[in-house]
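Take a look at the letters that make up each chain.
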Amino acid sequence: QSVLTQPPSLSGAPGQWVTISCTGSSSNIGAVYAVHWYQQLPGTAPKLLVYGNSNRPSGVPDRFSGSKSGTSASLAITGLQAEDEADYYCQSYDSSLSSWVFGGGTKLTVL
Amino acid sequence: EVQLVESGGGLVEPGGSLRLSCAASGFTFNNAWMNWVRQAPGKGLEWVGRIKSRTDGGTTDYAAPVKGRFTISRDDSKNTLYLQMNSLKTEDTAVYYCTTITVFEGRYDAFHIWGRGTMVTVSS
């Protein structure tokens, strides 16, 4: 059972908009800790997609955007493309566990 | 080119030991805080542990499931990170990734650069 809760799967058609939620608690997302998002394409290592709740590293398309409110965070992907089919993970720090924590991951299927 | 390359994975029996290595290049390794993150087959990501840079104390922290069994160390002269795994259990079976922490904008520490991972299988 992951400390951060994500939907196990989502799907969308090319060109559509999808949102992946990440729900935590007062000891992680609801505290001062930022949320980061990672994309893992099949058979590859994770890649940092969004840092600090809503910022994109250099090279990440602006189709990807993040937000945080209260004890939850979201990753939005607009203009869905076939190459977006991947697993997506949220990540934060948990003060109760003194540990970095990940969500369970969301498998995004592009129909 | 910034690169992390893990090695040392393989098959080991329960109760056994294994040492993983992670060779770094393309960045100032001795300034980096380094982590190990693992992923069991078909499962999500799990943080294993972290070692700070020597200038920041070189201290280590571990996730509860591996504390007391795993030890992270570094050799800055070789630009190499290590993970010594003892008393291995079947539930330690996973791909082990090494990853750097980058502090963005002076405040957001995220896992930025990742290696390709090395597979560890604990089975009799």
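Residues numbered from 1 in each chain as written. Chains lettered and ligands numbered in written order. Predicted model: local features only at pLDDT ≥ 70, side-chain atom pairs only at ≥ 80, totals over all residues. Heavy atoms only, no water.

(A) Molecular detail of the state of the cysteines. Residues and elements named next belong to chain B. Scanning all chains against the criterion turns up two disulfides over all chains. Here Cys22 connects covalently by a disulfide to Cys98, the sulfurs 1.9 Å from one another. Measuring handedness by torsion sign, the sulfur bridge of Cys22 and Cys98 sits at about 45 degrees and is right-handed. You can see Cys22 sitting in strand 3 (residues 18-25) and its partner Cys98 sitting in strand 9 (residues 94-104), a full 76 residues away along the chain. Side by side, Cys22 and Cys98 carry an identical accessibility label, which is buried. (Disulfide = S-S within 2.5 Å. Helix = DSSP H or I, 4+ residues; strand = E, 2+ residues; numbered from the N terminus. Buried < 20%, exposed > 50% of the residue type's maximum accessible area, 1.4 Å probe, protein only.)

(B) Expanded view of the side chain of Gln40 of chain A. By the secondary structure assignment, Gln40 of chain A is in strand 3 (residues 36-40). Taking relative accessible area as the criterion, Gln40 of chain A reaches 6% and is therefore assigned buried. Within the local environment of Gln40 of chain A, its side chain forms a polar contact with the side chain of Tyr97 of chain B, the two groups lying 3.3 Å apart. In this view, Gln40 of chain A contacts Ala45, Pro46, Ala86, Asp87 and Tyr89 of chain A together with Gln39 and Tyr97 of chain B; residues no more than four positions away in its chain are not counted. (Polar contact = N/O pair within 3.5 Å; in protein donor to acceptor, adjacent residues only side chain to side chain. Contact = heavy atoms within 4.5 Å.)

(C) Broad picture of the interface of chain A and chain B. Each partner contributes to the interface: chain A provides 18 residues, whereas chain B provides 21 residues. Together, the buried faces of chain A and chain B total about 1600 Å²; carbon and sulfur atoms form 67% of this surface. Summed over the three residues of chain A that lose the most area to chain B, namely Tyr51, Trp100 and Phe102 of chain A, the buried surface amounts to 39% of that side. Counting across the chain A and chain B interface gives zero salt bridges. Counting the contacts that link chain A with chain B gives six residue pairs in polar contact (both at pLDDT 80 or more). Of all the secondary-structure elements, those providing two or more residues to the side of chain A that touches chain B are strand 3, strand 7 (86-94) and strand 8 (99-102) of chain A. A breakdown of the residues in the side of chain A that touches chain B according to their chemical character gives nine nonpolar, nine polar and no charged. (Buried area = accessible area lost by both parts, 1.4 Å probe. Salt bridge = Lys/Arg side-chain N within 4 Å of Asp/Glu carboxyl O. Nonpolar A, V, L, I, M, F, W, Y, C, P; charged D, E, K, R; others polar.)

(D) Local environment of the sheet that holds strand 1 (residues 3-7) of chain B. Residue and element names in this part refer to chain B. With antiparallel pairing, the four strands of this open sheet are ordered in space as 1-3-8-7. Edge positions in the sheet fall to strand 1 and strand 7 (70-75), since each of these pairs with one other strand and no more. When the angles between neighbouring strand axes are averaged without regard to direction, this sheet yields 15 degrees. Where strand 3 lies against strand 8 (residues 80-85), six bridges are found, and the strand directions are antiparallel. The partner of Leu20 across the bridge, within strand 8, is Leu83. (Pairing = 2+ DSSP bridges. Axes fitted to C-alpha atoms, helices over the stretch in contact; angles between N-to-C directions.)

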